[in-house]
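So you can see what is in the structure, the chains are spelled out below.
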Amino acid sequence: MSDKLIIFDTTLRDGEQSPGASMTKDEKLRIARQLERLRVDVIEAGFAASSNGDFEAVKAIADAVRESTICSLARANDRDIARAAEALKGAQRARIHTFIATSELHMEKKLRMTREQVLEQARLSVRFARNLCDDIEFSPEDGYRSDMDFLCRVLEAVIAEGATTVNIPDTVGYAIPELYGNFIKTLRERVPNADKAIWSVHCHNDLGMAVANSLAGVQIGGARQVECTINGLGERAGNCSLEEIVMAVKTRRDYFKLDLGIDATQIVPASRLVSQTTGFVVQPNKAVVGANAFAHASGIHQDGVLKARDTYEIMRAEDVGWAANKIVLGKLSGRNAFKQRLQELGIALESEAEINAAFARFKDLADRKSEIFDEDILALVMDETVTA
Ligand code: KIV
Ligand code: ZN
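Residues numbered from 1 in each chain as written. Chains lettered and ligands numbered in written order. Predicted model: local features only at pLDDT ≥ 70, side-chain atom pairs only at ≥ 80, totals over all residues.

**Focus on the sheet that holds strand β4 (residues 94-101)**
Test applied: Two strands make a pair as long as DSSP finds a minimum of two bridges between them. Secondary structure counts use DSSP, requiring at least four H or I residues in a row for a helix and at least two E residues in a row for a strand, with both numbered from the N terminus. Axis definition: a line fitted to C-alpha atoms, limited for helices to the stretch in contact. Angles are taken between N-to-C directions and run from 0 to 180 degrees. In this description, a residue-residue contact is defined by the distance between C-beta atoms placed from the backbone, which must lie within 7 Å.
As summarised here, the arrangement of the 8 strands in space is β1-β2-β3-β4-β5-β6-β7-β8, forming a closed barrel in which the pairing is parallel. Looking at each pair of strands side by side, their axes are set apart by 25 degrees on average, direction ignored. Those strands touched by helix α1 (residues 25-37) are β1 (6-9) and β2 (42-46), and its axis lies near 175 degrees from that of β2.

And the structure:
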């Protein structure tokens, strides 16, 4: 099995399905260029058949981006697939991603199709797509809630027709890590031609477990592609977040032992761009990309980090694209952090007594103000000098 974990970014397709996150062609192109700088392996640029606007966006991205594979989603029918192929014509490397629901619930209530009809449609669609493109991904929508025996039949059939990636969506975020990991493992054991395709995970975050489920799909199930979005953007509670999955695999390489093609220093710029474009604010305590992800407020932590950063940091802020970590001065800060900030501001107080007096004033102020900025410190020290 390969040691490379393929990162498939679907910010521009599943992410855009987030209510209020719709993007123009130019906005999508700008994000796609940033995803290319981030070196994601596959960019799902949109759903070409869904609108003329999305067709044009997929086409513009396929024409402009050279380093990543460009993918378009398509329902399992000839019209959608042909439209995807048309939009992808200019791509250096193109992928068509076709899907049809396989859970009893979706087949009966939504598609109003029998199992045999769905199986046949999946088979014919992959056959049709394979005549237009070498790289075909198939997704059984609501795969995780599908009957295992039926799902095995569908996956065996689409791999036989030439699907190169099979993706198992937890469409409604119902999975639990261990169960999802074992679900993928069982599928790979039971589908006779499983080794002919790359297995992929696609998890939604309805129970807040999209990243954990994806990691279990990789570690227990042997999946080698993860579908994810910047800032976890996506339908309802969102998708597996790219920054979290990437940094989990990188930071715990000792455990996962997987390689990534990602340039992690482009993560924060990508997060900022997606947030500015969609207007979706990133919560301050969001892992990796939140404003507080590398900020230290308590005196004990600040003292530790000033002595050795790995006391309270498992990743470097700079490695994911922040300029630096942050020591936030406030009422919990200690003398050591205060003294360090004085040095950074170029303030040389002459004696320990002067520093102690300034520190006492700082503590008084911090009881009244939640964060102390550099201007506050300058004012404090001026006061001190004047008083002395
Ligand atoms: O969540 C889902 O099932 C999807 C598929 C179209 C892959 O987004
Ligand atoms: Zn999805």
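**Let's talk about the UniProt feature "binding site: Mn(2+)" (unreviewed entry) in the chain**
Note the following rule: UniProt positions are given in the numbering used here, feature names are shortened, and annotations may be inferred rather than shown by experiment. Each residue is classed by its C-beta neighbour count within 10 Å, where at least 20 other C-beta atoms makes it buried, 12 or fewer makes it exposed, and intermediate counts make it partly exposed; the C-beta atoms are placed from backbone geometry.
According to UniProt, the positions carrying the feature "binding site: Mn(2+)" (unreviewed entry) are Asp-14, His-202, His-204 and Asn-239. A stretch of 226 residues holds the annotated residues, and the largest C-alpha distance among them is 10.3 Å, short enough that they meet in one place. Its location among the elements puts Asp-14 in the loop between β1 and α1. Judged by the 24 C-beta atoms lying within 10 Å of it, Asp-14 is buried. Excluding residues within four positions of it along the chain, Asp-14 makes contact with Thr-229, Gly-234, Glu-235 and Asn-239. By the element assignment, His-204 lies in the loop between β7 (198-203) and α8 (210-219).

**Digging into the site of ligand 1**
Note the following rule: What makes a residue near a molecule or strand is its C-beta atom, placed from the backbone, lying within 6 Å of it. Each residue gets one label: Ala, Val, Leu, Ile, Met, Phe, Trp, Tyr, Cys and Pro are nonpolar, Asp, Glu, Lys and Arg are charged, and the others, such as Gly, are polar.
Around ligand 1, the surrounding shell consists of Asp-14, Phe-99, Ser-139, Glu-141, Pro-169, Thr-171, His-202 and His-204. Residues belonging to the shell around ligand 1 are distributed by class as follows: 2 nonpolar, 4 polar and 2 charged.

**A look at the pairing of β1**
Sheet topology note: the β1/strand β8 (residues 225-228) ladder contains 4 bridges and is parallel. Paired with Ile-7 across the two strands is Val-226, which belongs to β8. In the sheet, β1 pairs with β2 via 2 bridges, with the strands oriented parallel. Across the sheet, the residue bridging to Asp-9 is Ile-43, located in β2.

**A few points about the pairing of β2**
Put simply, the rule reads: Handedness of a crossover: with both strands directed away from the viewer, a clockwise path from the first strand across the helix to the second marks it as right-handed.
A large share of β2 lies buried, amounting to 5 of its 5 residues. A crossover connection joins β1 to the parallel β2 through α1; in handedness this β-α-β unit is right-handed. Across 4 bridges, the pairing between β2 and strand β3 (residues 69-75) is parallel. Counterpart to Glu-44 in the pairing with β3 is Cys-71.

**What to know about helix α6 (residues 148-160)**
Definition in use: Residue count minus one, scaled by 1.5 Å, sets the expected span of a helix.
Counted at 1.5 Å a residue, the expected span for α6 with its 13 residues is 18 Å, and the 18 Å between its end C-alpha atoms agrees. Those residues of α6 not exposed but buried are Leu-151, Val-154, Leu-155, Ala-157, Val-158 and Ile-159. Contacts made by the buried residues of α6 are with α5 (115-130), β5 (136-141), β6 (165-170) and α7 (177-190). Gly-162, located one to two residues past α6, shows a positive phi value of around 115 degrees.

**What about the environment of Cys-203?**
Here Cys-203 is to be found in strand β7. In the structure, Cys-203 is positioned 170 residues away from Arg-33 in sequence and 24 Å away in space, judged by C-alpha atoms. Those residues in contact with Cys-203 that lie beyond four places of it in its chain are Asp-170, Gly-173, Ala-175, Ala-210, Asn-213, Ser-214 and Cys-240.

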